[in-house]
Amino acid sequence: MNKIYMFEKNDYIKQKVIIVAAILKFKNQEQVKNEINELNYLAQTLGAKVIKIFVQNIKNKNPRTFIGKGKIEEIKKFIILKKIKIAIFNENLSPSQFKNIEQLFKSQVVDRTKVILDIFYKRAKTSYAKTQIKLAQYKYCLSKLPKLWTHLEKQRGGIGCRGPGESEIETDRRNIRTSIKKLQNQIQLIDKQLETQRKHRKHIIRISLLGYTNVGKSTLMNVLSNANVYVENKFFSTVDTTVRKIKLRNKIFLVSDTVGFITNLPHQLRTSFKSTLYEMKESDLLIHLIDINKNSFIKDITCVENILLELGIKICTTKKLLKVFNKIDKCNNLNTTKYFIYKKYGKKILFVSAIKTHNIELLNQKICYLTAYSELILR
């Protein structure tokens, strides 16, 4: 099998990269700007050095190169001049677009999905998370398979015959599908084990921390449970679901720190991590943590709520949810921002600083109040 299937951890370390983005007619500039900033941060999380960002306004995607010929030539000259190793596209590319762009750039081309998969691969610690990410990687490879065998494109068979390249693709397709089936069976087995564990703790009130990536969920988990969950100021510093037992006012709770969400979370990961995010469906209370300092926090909230709906979690009708705005210690215009948030979301919210432990006692009180009914049912 082609070695490109292997997701190397050090592919991006200290590599000079560029980011390429397009403003399509159905997107606005502010939306694309947020996506670019996010992708820039994702690349840095992998250790890459972003040299330049190229943006082009286009009405429709170019079927061959995604962006226009003029911009392709401009980028090509820059890549040669600066000896760029990797070009990261903000949008997902088709196999033919990958092939055509790499031939023109003479450098590695990756898309947004590949970058996110690489981060998950790097961050996964438990065997369960690693299995889920391998499954997502194989599904991604299967969708890009024609691109992976471009080195055999000149080898052709005779009339009515198949060339070596085509045979290799079919062989790899079968191998990948076999691997996908094997990984799916492994995940099903682990899911059954986790389901048994959940049944054993049904008598305990459960809380899930959720939110956009890098909003401080792991930090809040440490504060609530006095645990030592890994914390880093990077996207997806943890991709494993961590469950800790906490005690508030002589009551025992189980708190789970779920994987962070992100705009355009790859479909492969959404499918693979549905079982991990199942913790939220079983929780008595969801705490939606939000970074109050991000200009795009409203879009982040919408992103999280959309994924919850996709998972079948209906807020207010089947699940209690508390919005908690974090990092107030870093907010320059706190009073003005609070006024705006109260006006938009009402009074059923909290403002905290997990790292400075501001208003954590108030959060504890709110947790006890909102789960009081669940406690009566469990009795």
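All values reported here derive from a predicted model rather than from experimental measurement.

**Some points on the overall build of the chain**
Next, step 1: Looking only at helices and strands, the chain features 14 helices and 10 strands.
Next, step 2: Look at the contacts in the chain between residues 6 or more apart in sequence, and 73% of them connect residues 24 or more apart.
Next, step 3: Summed over its atoms, the accessible surface of the chain is roughly 19,600 Å², and 50% of this surface lies on carbon and sulfur atoms.

**Details of the sheet that holds strand β9 (residues 320–326)**
Next, step 1: One open sheet accounts for 6 strands, arranged β6-β7-β5-β8-β9-β10; its pairing is mixed. For this open sheet the edge positions go to β6 (242–248) and β10 (349–351), each flanked by a neighbour on one side alone. The sheet shows a mean angle of 25° between the axes of neighbouring strands, direction not considered.
Next, step 2: Here 7 bridges tie strand β8 (residues 285–291) to β9, and the two strands are oriented parallel to one another. In the strand pairing of β9, Leu286 is matched with Leu321.
Next, step 3: Along the sheet, helix α12 (residues 334–345) makes contact with β9 and β10, crossing β10 at roughly 165°.

**Re the pattern of salt bridges**
Next, step 1: In total, this model carries 7 salt bridges according to the counting rule given.
Next, step 2: The salt bridge involving Lys144 is made with Asp111; its shortest N-O contact spans 3.8 Å. Placement of the pair is Lys144 in the loop between α5 (127–143) and α6 (145–148) and Asp111 in strand β4 (residues 108–111), with a sequence separation of 33 residues.
Next, step 3: With a closest N to O distance of 3.4 Å, Lys327 and Asp291 form a salt bridge.

**A word on the packing of helix α4 (residues 112–123) against α5**
Next, step 1: Running from amino to carboxyl end, α4 crosses α5 at an angle of 155°, the nearest separation of the two axes being 10 Å. As summarised for this structure, α4 and α5 are arranged roughly antiparallel, according to the angle between their axes. The two elements α4 and α5 cross, and the hand of that crossing is left-handed. In this structure, α4 contributes Thr113, Lys114, Leu117, Phe120 and Tyr121 to the contact, and α5 contributes Ile133, Ala136, Gln137 and Tyr140.
Next, step 2: Among the residues forming the contact of α4 with α5, the class breakdown is 6 nonpolar, 2 polar and 1 charged.

**A few points about unusual backbone geometry**
Trans peptide bonds make up the majority, and among non-glycine residues the majority have a negative phi.
Next, step 1: Its identity is not glycine, yet Phe66 carries a phi of approximately 70°, on the positive side.
Next, step 2: Note on placement: Phe66 falls in the loop between β2 (49–57) and α2 (69–82).
Next, step 3: A positive phi angle, near 60°, is found at Thr357, a position not held by glycine.
Next, step 4: With respect to the helices and strands, the residue Thr357 is situated in the loop between β10 and α13 (360–370).
Next, step 5: Here Thr357 falls in the partly exposed class, since its relative accessible area comes to 45%.

**Some remarks on the side chain of Ser107**
Next, step 1: For Ser107, the position within the fold is in the loop between α3 (95–105) and β4.
Next, step 2: If sequence neighbours within four positions are ignored, Ser107 has contacts with Ile79, Ile84, Lys85 and Glu102.

**A closer look at the nonpolar core**
Next, step 1: Counting 80 residues, the largest nonpolar core has Ile18, Ile88, Phe89, Phe105 and Leu363 as the members making the most contacts within it.
Next, step 2: Not counting chain neighbours up to four residues away, the residues in contact with Ile88 comprise Val17, Ile18, Ile19, Val20, Leu39, Ala43, Val110 and Val115.

**Comments concerning the confidence of the model for the chain**
Next, step 1: Model confidence for the chain is summarised by a mean pLDDT of 81, while 81% of its residues fall at 70 or above.
Next, step 2: A low-confidence stretch, residues 149–165 (pLDDT under 50), is modelled with 21 contacts involving residues beyond four sequence positions or located in other chains.

**Side note on α12**
Since one α-helical turn is 3.6 residues long, residues separated by three or four positions face the same way.
Next, step 1: The end-to-end C-alpha separation of α12 is 16 Å, in line with the 16 Å expected for 12 residues at 1.5 Å each.
Next, step 2: Positive backbone phi, at 85°, marks Gly346, one or two positions downstream of α12.

**Thoughts on the pairing of β4**
Next, step 1: Here strand β3 (residues 86–89) runs beside β4; their pairing, made up of 4 bridges, is parallel. The residue bridging Phe89 from the neighbouring strand is Asp111, located in β4.
Next, step 2: Note on the crossover from β3 through α3 to β4: the handedness is right-handed.

**Topic: the sheet that holds β3**
Next, step 1: Strand order in the open sheet formed by 4 strands is β2-β1-β3-β4, with parallel pairing between adjacent strands. The sheet terminates laterally at β2 and β4, the two strands that pair on one side only. Across the sheet, the mean angle from the axis of one strand to that of its neighbour is 25°, orientation sign disregarded.
Next, step 2: Across 8 bridges, strand β1 (residues 16–23) lies against β2 in parallel orientation. By the bridge assignment, Ile19 is partnered in β2 with Ile53.
Next, step 3: In the packing of α3 onto the sheet, the strands contacted are β3 and β4, and the crossing angle to β4 comes to about 145°.

So, how was this worked out
Residues numbered from 1 in each chain as written. Predicted model: local features only at pLDDT ≥ 70, side-chain atom pairs only at ≥ 80, totals over all residues. Heavy atoms only, no water. Helix = DSSP H or I, 4+ residues; strand = E, 2+ residues; numbered from the N terminus. Contact = heavy atoms within 4.5 Å. Areas by Shrake-Rupley, 256 points an atom, 1.4 Å probe, with all protein chains shown as cover. Pairing = 2+ DSSP bridges. Axes fitted to C-alpha atoms, helices over the stretch in contact; angles between N-to-C directions. Salt bridge = Lys/Arg side-chain N within 4 Å of Asp/Glu carboxyl O. Parallel < 35°, antiparallel > 145°, perpendicular 65-115°, else oblique. Left-handed = near helix turned anticlockwise from the far one by under 90°. Nonpolar A, V, L, I, M, F, W, Y, C, P; charged D, E, K, R; others polar. Buried < 20%, exposed > 50% of the residue type's maximum accessible area, 1.4 Å probe, protein only. Core = buried A, V, L, I, M, F, W, Y, C linked by side-chain atoms within 4.5 Å. pLDDT = per-residue confidence, 0-100. Expected span 1.5 Å × (residues − 1). Right-handed = clockwise from strand over helix to strand, strands pointing away.

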